[in-house]
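If you want the building blocks of each chain, they are given just below.
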Amino acid sequence: MSTLNQRLADIKLLMRYAVPPEDLAKATALVEKHDTDSVALHIFHAFYSYLPEGLEDAITVLRLLERRQGTFLICATTAQTDYLYLVTSEQAEFLGPLAEGIWEEEVLAFFNYESREAFLKKFTDLNTFPVYVPAHLHTDLCPFCHVADGEIHTLGCPVEVCPWCGGQLTSCDCRFTLLGRSDLKSESQLEELLTLLNKKGRLPFSAEEHRPAYPLTPLDLQ
Ligand SMILES: [Zn+2]
Ligand SMILES: [Zn+2]
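Residues numbered from 1 in each chain as written. Chains lettered and ligands numbered in written order. Predicted model: local features only at pLDDT ≥ 70, side-chain atom pairs only at ≥ 80, totals over all residues. Heavy atoms only, no water.

**Student:** Help me understand the coordination of the zinc ion (ligand 1) in this model?
**Tutor:** Angles at a metal have ideal values that depend on geometry: 109.5 degrees with four tetrahedral donors, 90 or 180 degrees with six octahedral donors. The coordination sphere of the zinc ion (ligand 1) contains the protein donors Cys 142 (SG), Cys 145 (SG), His 153 (ND1) and Cys 157 (SG), at a distance range of 2.0 to 2.4 Å. Metal-centred angles of 106 to 112° between the four donor atoms at the zinc ion (ligand 1) mark the site as tetrahedral. Motif for the zinc ion (ligand 1), donor spacing along one chain: C-x2-C-x7-H-x3-C. Of the two residues, Cys 142 and Cys 145, both sit in the buried class. (Donors = N, O, S within 2.8 Å, 3.2 Å for Na, K, Ca; no water. Tetrahedral: all angles 85-135°; square planar, octahedral: opposite > 155°, others 65-115°. Buried < 20%, exposed > 50% of the residue type's maximum accessible area, 1.4 Å probe, protein only.)

**Student:** Explain the side chain of Asp 57 here, please?
**Tutor:** In this fold, Asp 57 is placed in the loop between α3 (38-49) and β1 (59-68). Within the buried set, Asp 57 has no salt-bridge partner at all; the shortest N-O distance to an opposite charge, 12 Å, is to Lys 26. Separated by 3.0 Å, the side chain of Asp 57 and the backbone nitrogen of Ala 79 make a polar contact. Look past the residues within four positions of Asp 57 in its chain and what remains in contact with it is Ala 18, Val 19, Pro 20, Phe 47, Tyr 48, Leu 51, Thr 78, Ala 79, Gln 80 and Tyr 83. (Helix = DSSP H or I, 4+ residues; strand = E, 2+ residues; numbered from the N terminus. Lys, Arg positive; Asp, Glu negative; His and termini not counted. Salt bridge = Lys/Arg side-chain N within 4 Å of Asp/Glu carboxyl O. Polar contact = N/O pair within 3.5 Å; in protein donor to acceptor, adjacent residues only side chain to side chain. Contact = heavy atoms within 4.5 Å.)

**Student:** Explanation requested: the nonpolar core in the structure shown.
**Tutor:** Nonpolar side chains in soluble globular proteins tend to end up buried together. Of all hydrophobic cores here, the largest spans 31 residues; its most connected members are Phe 44, Tyr 48, Ile 59, Leu 62, Phe 72, Ile 74 and Tyr 132. The set of elements that each furnish at least two residues to this core consists of α1 (3-18), α2 (24-33), α3, β1, β2 (71-78) and β3 (82-87). Here the element with the most residues in this core is α3; it accounts for seven residues. Those residues within four positions of Phe 44 in sequence are excluded, and the remaining contacts are Ile 11, Leu 30, Val 31, His 34, Ile 59 and Leu 62. Counting 16 residues, the second-largest nonpolar core is a separate cluster that includes Leu 73, Leu 84, Leu 95 and Leu 126. (Core = buried A, V, L, I, M, F, W, Y, C linked by side-chain atoms within 4.5 Å.)

**Student:** Please explain helix α7 (residues 187-200) as it appears in this structure.
**Tutor:** For the α-helix, the turn length of 3.6 residues means that residues three or four positions removed from each other point alike. For α7, with 14 residues, the first-to-last C-alpha span of 20 Å sits near the 20 Å given by 1.5 Å per residue. Those residues of α7 that are buried lie in contact with α6 (174-179). Positive phi appears at Gly 201, one or two residues downstream of α7, with a value of about 100°. (Expected span 1.5 Å × (residues − 1).)

Here it is as structure tokens:
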């Protein structure tokens, strides 16, 4: 069983305890629609393993509010209310009810909001924002770390091309040669590598070059 299938099975198990019986069929169909999308599966898993209100509930629609550098701000509308999630190919972080807006200064700054009030003002009418489409169906996004065409990959993305040898940055030997060591473990070593990479000039994601034949999804590689 692939990792994505395992994730799907875990979510369905959680849903048996979390979703009101009358909503189960519809809620399951929504999850299955996203069965190959790690971004959406992270949200479903986070939501159904920790129901924000502690009441039975079901996600009815996901809407994409923002997307930048492989990070998605997604609103999950449920039978009870609307919730915000900050999602990457790695994880989903619960931010709270949409009605309260975003409190984290870092998140507001990342998406260029001046304040929580500015955020709330933009999202007064949720229906004008698009329904989330699985990230891997966007041909302009890196299939692994989900940055857009022309953006720099998340460090560790296997699609990133090494600026020194032209190979796959996560598998060529350049990082070891440059740092003069045979492994890379600590944060400070990664920082050092990042400094060297930035100096050399990192190669951004190119949809044209990298998209067509790339078959892997993040969870399958874990
Ligand atoms: Zn990438
Ligand atoms: Zn290299």
